[in-house]
Number of protein chains: 2
Amino acid sequence: MRQKRTESPSETASRRKFLSLGAAVGGALTACAEPQEVVEEAPKRLGRAPDKYGERSPFERSSRLGRASKNPETGSTRSPLQDFHGIITPSSLHFERHHAGVPEIDPAKHRLMIHGMVKRPLVLTVDEIKTLPSVSRVHFIECSGNSRGEWTDRKGPTAQHSHGLASCSEWTGVLLSILLDEAGVNPEAHWLIAEGADACKMHRSLPLDKCRDDVIVAYGQNGEAIRPEQGYPLRLVVPGFEGNINVKWLRRLMLSGQPAMGREETSKYTDLLADGKARQFSFTMEAKSVITRPSGGQKLAREGFHEIAGLAWSGRGVIERVEVSTDDGNTWQDAELQEPRHRIAFTRFRLPWTWDGAETVILSRATDDTGYVQPTEQALIAARGHNSDYHNNCIKAWKIGADGNVTHV
Amino acid sequence: MRQKRTESPSETASRRKFLSLGAAVGGALTACAEPQEVVEEAPKRLGRAPDKYGERSPFERSSRLGRASKNPETGSTRSPLQDFHGIITPSSLHFERHHAGVPEIDPAKHRLMIHGMVKRPLVLTVDEIKTLPSVSRVHFIECSGNSRGEWTDRKGPTAQHSHGLASCSEWTGVLLSILLDEAGVNPEAHWLIAEGADACKMHRSLPLDKCRDDVIVAYGQNGEAIRPEQGYPLRLVVPGFEGNINVKWLRRLMLSGQPAMGREETSKYTDLLADGKARQFSFTMEAKSVITRPSGGQKLAREGFHEIAGLAWSGRGVIERVEVSTDDGNTWQDAELQEPRHRIAFTRFRLPWTWDGAETVILSRATDDTGYVQPTEQALIAARGHNSDYHNNCIKAWKIGADGNVTHV
C-alpha cells in the first residue's frame, strides 16, 4: 500500500485552523438538493486537437504592466504577482528591465569570452557551455528599483505596481566558479566585469568572492531555454544581488583588479542617503514580503473565510518566518510557509482568515535565516532618508474597506 | 557578509570528480591569445521593446511530438525530455493525451459538482474554490501507456519517443480532502468517480483513501492558470497515479460504494498478463528513469568530458538513488541528485563522464524511498509477459557508436 504523506507541523496547524472555521467556509459553499440542475452540460462536440507548443486559455488575460514611453527600449514591465500561484513565475510573465531593448541573438553565433587577468583566455560557444557540469536552482531576481514608489506618495495601487519588478524561476547552467577555474584567475584579480550583448553593452562589476560562490552562467529557465527578454542565450544569475547585475545576453567576463565604475554603478544603482553621501555596490536584496491576495485592486466578495496568501524572499538565504497582521499591526500570526523552501527564492506564505466585514489593514513581515526582519517604512526612512530610491524593502500594508475593496494605505 | 552556500555531499563529490577531469575538460574549451578577434561585436541597434506576455526565441524549435491521425482529438503528444533542463516541464511542452479533444471552457460558467453518497451535495464555482486553503506541490504526471513501445521491437529512437508521456509541474489548488469534509462523505462510500467536461465525459474511479490523502483539485500550473490541454480551469491531480486518472476539465465528483467500471478502467488501462488475466486498478506509476543527455538522436561531438544527465521519478515517493552504467551494466556509479528532491516529482540526476571514443552502452537505474529498484527489461517481462502494454518502467539503454551517434539498443 501507498505511504501516507506526512503533514509538516505548519500544514497541520493551518489545516486545524481551517477546519475550525467550518461554519464560515460552509457559508461560502452552495449546498444544493438537485445538483444536476445547476451544472451546465459538458459540451457534446469534439474539442481541438493536440498541438506542438501550447498557449494559455484565451480567457486568461494576466499580463506584464509597462508604462507608455517614447523610449520603451529602456523601460520595464512588472509581473502580475497578484495572479500567481506557488513560487514559479511563468516565463512569459517574468518582469523585464532593459537598457537598449531585447536583442535577437542566434545562439549558434553567440560566444562568451573570459579574459583580462587570467592565465588562459577562453572563448566558449553555447554548446560547449552546455556540455559542462550543470546545476538547476530556484532563485528570485529583483530589480533594486522595485517598490521605488513606496518612498514617495506615489505608492503602488496593486501588488504588480508596488512589487512587480521581482520574479522567480528555476535557472539551469554552469557554475561560474568552474569557468573561472578553467581560465585560471590571476592573484591580482579582485573583480569581474560582466558585459551583455545589448546595444549599450550594459555591464556591471562583481566582487570575485561572490563569483566563486554561487553565480551561474545560465542557459535554462523553467525547463526550457532562457527567454529572449531574460538574456537568451546566456544570462549571469547572481543569487540575491540586485537584478541589474544579473547581466543578460552575456558575452564577456573580464577579470580585473578594480571595478569598471560604469554608468550603472555610479550614476545609477547607487543609493543617495540623507547626508548627501551614497551607498555604492549595495548589491544584496534584503528580506521582503508582500500579500498578493487580497491585495490592491481586488475585492472581497463576502464576509467569512478567505485565505491570505503572498510571497516572501531574501537575498541572504532562506525565509524562516512570515508574520501576518489583520489588525493594522496590533497583533501578528505566523503564516504557513510552503515547503520545501529554497535559498534565495520566492517562498509562498498562507494564512486562513475569517473576515468580519469591518474595515481593517493587513500587513506581512518576513524574517530570513540570518535573523534579519523586514523593516517598517518608518525604520527604513530613519536609516536611509527619502532619497535612497533603490532597495526599498519595507512592510507593505493593504486596507480592506467595509465594502470589501482593497486599496493601498 | 553573505553566507556561503553549503554544498551537499553529492554536489561535492560531483565537483571533485569534475575537477579531476581537468585535462579532459580543458580539451573542450578553446583558449585563445586574442579573444576579441573571435567574438562578434554586440549589435549596435536598439532591440525590441518589452511586451505583455513573452514568447520563446524564434531560434528555439523544441516541440511536442504527435502521430498523424484521422482522429487527432483522441491522440497524444510527447514531451521533448531530451531538451529539458532542471525538473520543471515548460507548460507549453507538457505532454498531452486527449479522448475527445481540448474543450474551450469559460471559467466563469464552469462548475464543480460533488454529489452521490454525501450529506451535503455541493456545486462550486472556480472563484469559490480559489478562496479555500491552497497548496502548491511539484508532481510528475505520467501516462501509463508511456514507454509502451518498449515491450515490443518498436522501441523509441529518442527519449521523447520512448519516455515523452511524462511531465512535471508545480500544481496549485485545494486538497480534495477539504472538499470531501465540506460535503460530508457517507460511511458507505468507498470510491469517488471523477468526470471531465470533455465531449466523452471521460471518467475514472479512485479509492477513497487516496482521495483523503494527497489529491489536489488544481487550478494552477507553474504559477499561472492550468493550460487548456491540461484541464483548464480545473484538474484532479492524483500524485503518483497513472495520468488518465488525473481527470482534466473536472466537472463532477460522485461518491459511490463501487467503482464506475467505465471504459477507461475495463476495456482500457488494464494490464493483460501472460496467463490471460488482467491487472485492474493498477494505479501507481513505479520508479523509473531515463538518460536524456546523451540520448537517442543526439551525437557526441568529441571524445573527452561530457555530463550524463537525466530524469528519475516514482509514484511511491522520493527518488533516493540513481545509478548510471557507462559500460553496458557491468559497473554502476551513483549519479548526483538535484536537491531539493520533491516527493512524486521529476528528480534530475547528473554524472560527469569522460568518453574514450569507443562504442558503449549507457543505462540508468532508479531506486525510491520504499526501496523499490527499477527493473531490467527481462525482469519486467518475466513478471508481466509481453502483452501488459501499460506500466512499462524498465531500464532504458542507449548505445553510443564510435562515431558519437546515440541510438536505441
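Residues numbered from 1 in each chain as written. Chains lettered and ligands numbered in written order. Predicted model: local features only at pLDDT ≥ 70, side-chain atom pairs only at ≥ 80, totals over all residues. Heavy atoms only, no water.

### Structural notes on the overall build of chain A
Inference 1: From N to C terminus, chain A includes 8 helices and 25 strands.
Inference 2: A total of 409 residues make up chain A; the buried ones form 64% of that total.
Inference 3: Within chain A, contacts between residues separated by at least 24 positions form 72% of all contacts whose residues are at least 6 apart in sequence.
Inference 4: For chain A, the computed accessible surface area is about 15100 Å², with 50% contributed by carbon and sulfur atoms. (Helix = DSSP H or I, 4+ residues; strand = E, 2+ residues; numbered from the N terminus. Buried < 20%, exposed > 50% of the residue type's maximum accessible area, 1.4 Å probe, protein only. Contact = heavy atoms within 4.5 Å. Areas by Shrake-Rupley, 256 points an atom, 1.4 Å probe, with all protein chains shown as cover.)

### Re the sheet that holds strand β17 (residues 288-293) of chain A
Residue and element names in this part refer to chain A.
Inference 1: The strand order across the open sheet formed by 4 strands is β17-β18-β22-β21, and the pairing between neighbours is antiparallel. Pairing within the sheet leaves two strands with one partner each, and these edge strands are β17 and β21 (336-337).
Inference 2: Where β21 lies against strand β22 (residues 347-355), 2 bridges are found, and the strand directions are antiparallel. Considered in β22, the bridge of L337 is made with F349. (Pairing = 2+ DSSP bridges.)

### Structural notes on the domain arrangement of chain A
Residue and element names in this part refer to chain A.
Inference 1: Entries for chain A in the domain assignment read domain 1 (91-279) and domain 2 (288-408).
Inference 2: The gap between the C-alpha centroids of domain 1 and domain 2 is 28 Å.
Inference 3: Here domain 1 meets domain 2 over a buried area of about 2900 Å², counting both sides, of which 56% is carbon and sulfur.
Inference 4: Three residues, F140, W151 and H163, lead the burial of domain 1 against domain 2; their summed loss comes to 28% of the area buried on that side.
Inference 5: In this assembly, domain 1 and domain 2 are joined by 5 salt bridges.
Inference 6: Summed over the shared surface of domain 1 and domain 2, the result is 16 residue pairs in polar contact (both at pLDDT 80 or more).
Inference 7: Every element with two or more residues in the side of domain 1 that touches domain 2 is listed here: β7 (135-142), α5 (159-163), β8 (166-175) and β15 (271-272). (Domains from an automatic or database assignment. Buried area = accessible area lost by both parts, 1.4 Å probe. Salt bridge = Lys/Arg side-chain N within 4 Å of Asp/Glu carboxyl O. Polar contact = N/O pair within 3.5 Å; in protein donor to acceptor, adjacent residues only side chain to side chain.)

### A look at helix α6 (residues 176-183) of chain B
Residue and element names in this part refer to chain B.
Inference 1: Within α6, 7 of the 8 residues are buried, which leaves it mostly tucked inside the rest of the structure.
Inference 2: The set of residues buried in α6 consists of L176, S177, I178, L179, L180, E182 and A183.
Inference 3: The positive-phi residue at the C-terminal boundary of α6 is G184, with phi of around 75°.

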